[in-house]
Amino acid sequence: MWSSHVPARSSTRLAVGDGPADFTEAWLRNRRLSDHTRDAYRRDITGWLTWCATRGLDPLRASFLDVNDYGRHLESTLGARSGRPLTPATVARRLSALSSWYDFLVKLRAVEANPVSGADRPRIDRDHSNTVGLSPDEVDALLAAADADTGPTAARNRAAIALLADLGLRVGELVSLDLADLGAERGHRSIRFVGKGGRARRRALTPGTAYAVDAYLTARATAQQTTVAELTGPLLVTARGGRLDRHAVFRLVRRLAQTAGLPAWAKLSPHSLRHAFATTARAEGVPLEDVQDAMGHADPRTTRRYDRDRHNLDRDPAYVIWAARARRRS
């Protein structure tokens, strides 16, 4: 039950309404977020408010003990798709969204303190990711399967896979691309988009990716009996002209992976290609900070976690130091 009680010192709350939806929408408007992240956060808060309502708990009066109970509830909740309990990372993410929501309420003086700050959150291994990765050979096989694909959407599929593999884009970034985002800068073919956290990003298109995108747009324009210059709207579209969604990209990756004979095809996701991008870039000697910038990570530790080859003894700096010493002695 949502209480009408407002702390005596609260004056700002009246500007955003009297219900939880008003708080949530005001909080979301206050943050620079992608549409996908905004929807995810909205679901996270709705889950908390629903849980509170079933227990007759006023969210404005919740304590860290209530948040702890909610955390245990989440840990025993089965995922809609996996049928297994939610992972610690998922529980931690939902509690993180809830904490941000309460921080906003504290600033509005609708609550005295953030109850999530004192709650017991799951311990997350920052050095581990549940995403199934891909080796360079497996990425090559996936791209070959895309090249061999046939049908009316084959050219689009090749462009989508090339963008994921060569740029390491998040799936949300990929499907949000518009034709107007394509451009050229100082001799580079480029693409602009809004990344995680609402940050404006730009990336260079490799020759192979640019070729795949151009071939797709040419085929699309021909099918519509127009020119590439006259095309508008989303970059990647469905057969009916709507924006391609993330679920279709998931299905595409797994279908092509199965065609390519990849053993873990049923567990792969577009994010697998993002992990492969980071691992391959580091293995090829690209500096960590450059990979971090390309992937749009605020923290280099996140980039390191994506690098599946970081513990390979071939990369132990002891070898570099020893070789330098040997050169000095020779």
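Think of each chain on its own: its residues are numbered from 1, step by step along the sequence as written. For a predicted model such as this one, the threshold for reporting local features is a pLDDT of at least 70, and the threshold for listing and counting side-chain atom pairs is 80 or more; totals across whole chains, interfaces and linings nevertheless cover every residue. Each side-chain value is worked out from all heavy atoms of the structure, with water and hydrogens disregarded.

> Run through helix α11 (residues 288–295), naming residues and quoting values.
What α11 keeps buried is the set Val291, Gln292, Ala294 and Met295. Mapping the buried residues of α11 onto a view down its axis gives an arc of 165°, with all of them on the same face. By definition, residues are in contact when any of their heavy atoms lie within 4.5 Å. Numbering of helices and strands runs from the N terminus; a helix is a DSSP stretch of H or I covering at least four residues, while a strand is a stretch of E covering at least two. Contacts from the buried residues of α11 go to β3 (200–204), α10 (270–283) and α12 (300–306). Positive phi shows up at glycine 296, right after α11, with a value of about 75°. The buried label goes to any residue with under 20% of its type's maximum accessible area, the exposed label to any with over 50%, and the partly exposed label to all in between, with areas taken from a 1.4 Å probe on protein chains only. Read the arc as the range of directions from the helix axis to the C-beta atoms.

> Any details on the packing of aromatic side chains? Residues and values, ideally.
Think of it this way: a Phe, Tyr or Trp ring, Trp meaning its six-membered ring, pairs with another when their centres are within 6.5 Å, and the plane angle makes it stacked under 30 degrees, edge-to-face over 60, tilted otherwise. The tally for this structure, following the rule as stated, stands at 6 aromatic pairs. Arranged with centres 5.6 Å apart and planes meeting at 20°, the rings of tryptophan 48 and tryptophan 51 form a pair that is stacked. Here the residue tryptophan 48 and the residue tryptophan 51 both occupy positions in helix α2 (residues 35–54), the gap between them amounting to 3 residues, near one helical turn. Here tryptophan 51 falls in the buried class, since its relative accessible area comes to 7%. On the numbers, 4.9 Å between centres and 75° between planes, the contact of tryptophan 101 with tyrosine 102 is edge-to-face. For the pair shown, tryptophan 101 and tyrosine 102 are each scored as buried. Taken together, Trp48, Trp51, Tyr70, Trp101 and Tyr102 form an aromatic cluster joined through their ring pairs.

> Outline the side chain of aspartate 44, supporting the account with residue identities and numerical values.
In this fold, aspartate 44 is placed in helix α2. For aspartate 44, a relative accessible area of 7% corresponds to the buried category. Once residues lying within four places of it in the same chain are set aside, the contact partners of aspartate 44 are Tyr70, Arg93, Arg94 and Ala97.

> For the pairing of strand β1 (residues 182–185), give the residues involved together with the corresponding values.
One ladder, built from 4 bridges, connects β1 with strand β2 (residues 188–194); its direction is antiparallel. Bridge pairing in β2 links glycine 183 to serine 190. Strand pairing requires that DSSP identify at least two bridges connecting the strands. In sequence, β1 turns back onto β2 through a hairpin of 2 residues, with arginine 186 there showing a positive phi of about 50°.

> So what's going on with the confidence of the model for the chain? Residues and values would help.
On a range of 0 to 100, pLDDT expresses the predictor's confidence in each residue. With 89% of its residues at a pLDDT of 70 or more, the chain shows a mean pLDDT of 85. When mean pLDDT is compared element by element in the chain, helix α9 (residues 246–259) scores highest at 96, while α12 scores lowest at 75. The model gives residues 1–17 a pLDDT under 50, and that stretch makes 43 contacts with residues more than four places away or in other chains.

> Could you give me a rundown of the pattern of salt bridges, with the residues and numbers involved?
Pairing is possible between side chains that carry opposite charge, provided their charged atoms lie close to one another. A side-chain nitrogen of Lys or Arg and a carboxyl oxygen of Asp or Glu constitute a salt bridge if their distance falls within 4 Å. Using the criterion set out here, one finds 12 salt bridges in the structure. Aspartate 39 is the partner of arginine 42 in a salt bridge, and the nearest nitrogen-oxygen pair spans 2.9 Å. Here the residue arginine 42 and the residue aspartate 39 both occupy positions in helix α2, the gap between them amounting to 3 residues, near one helical turn. Overall, arginine 42 belongs to the partly exposed group, its relative accessible area being 26%. With relative accessibility at 36%, the residue aspartate 39 sits in the partly exposed group. For arginine 170, the salt bridge is made with glutamate 173, and the minimal N-O distance between the two is 2.6 Å. When its relative accessible area of 15% is taken as the criterion, arginine 170 is described as buried. On the accessibility criterion, glutamate 173 (4% relative accessible area) is buried. Taken together, the shared-partner salt bridges connect Glu25, Asp39 and Arg42 into one network.

> Explain unusual backbone geometry to me, using residue names and the numbers behind them.
Not every positive phi belongs to a glycine, and arginine 109 is a case in point at roughly 65°. In this structure, arginine 109 sits in the loop between α4 (88–107) and α5 (136–148). If you check the backbone angles, arginine 186 has positive phi at about 50° while not being a glycine.

> Explain the packing of α5 against α9 to me, and be specific about the residues and the numbers.
A packed helix pair is summarised by two numbers, namely the angle formed by the two axes and the spacing between the axes. Axis lines are fitted to C-alpha atoms, over the contacting stretch for helices. Their N-to-C directions set the angle, which ranges from 0 to 180 degrees. The interhelical angle for the contact between α5 and α9, taken along N-to-C directions, is 100°, at an axis separation of 8 Å. Between α5 and α9, the crossing angle belongs to the class labelled roughly perpendicular. In contact with Leu142, Ala145 and Ala146 of α5, α9 contributes Val253, Leu256, Ala257 and Thr259. In the contact of α5 with α9, the residues fall into 6 nonpolar, 1 polar and no charged. For this classification, under 35 degrees means roughly parallel, over 145 means roughly antiparallel, 65 to 115 means roughly perpendicular, and everything else is oblique. Note on residue classes: Ala, Val, Leu, Ile, Met, Phe, Trp, Tyr, Cys and Pro are nonpolar, Asp, Glu, Lys and Arg are charged, and everything else, Gly too, is polar.

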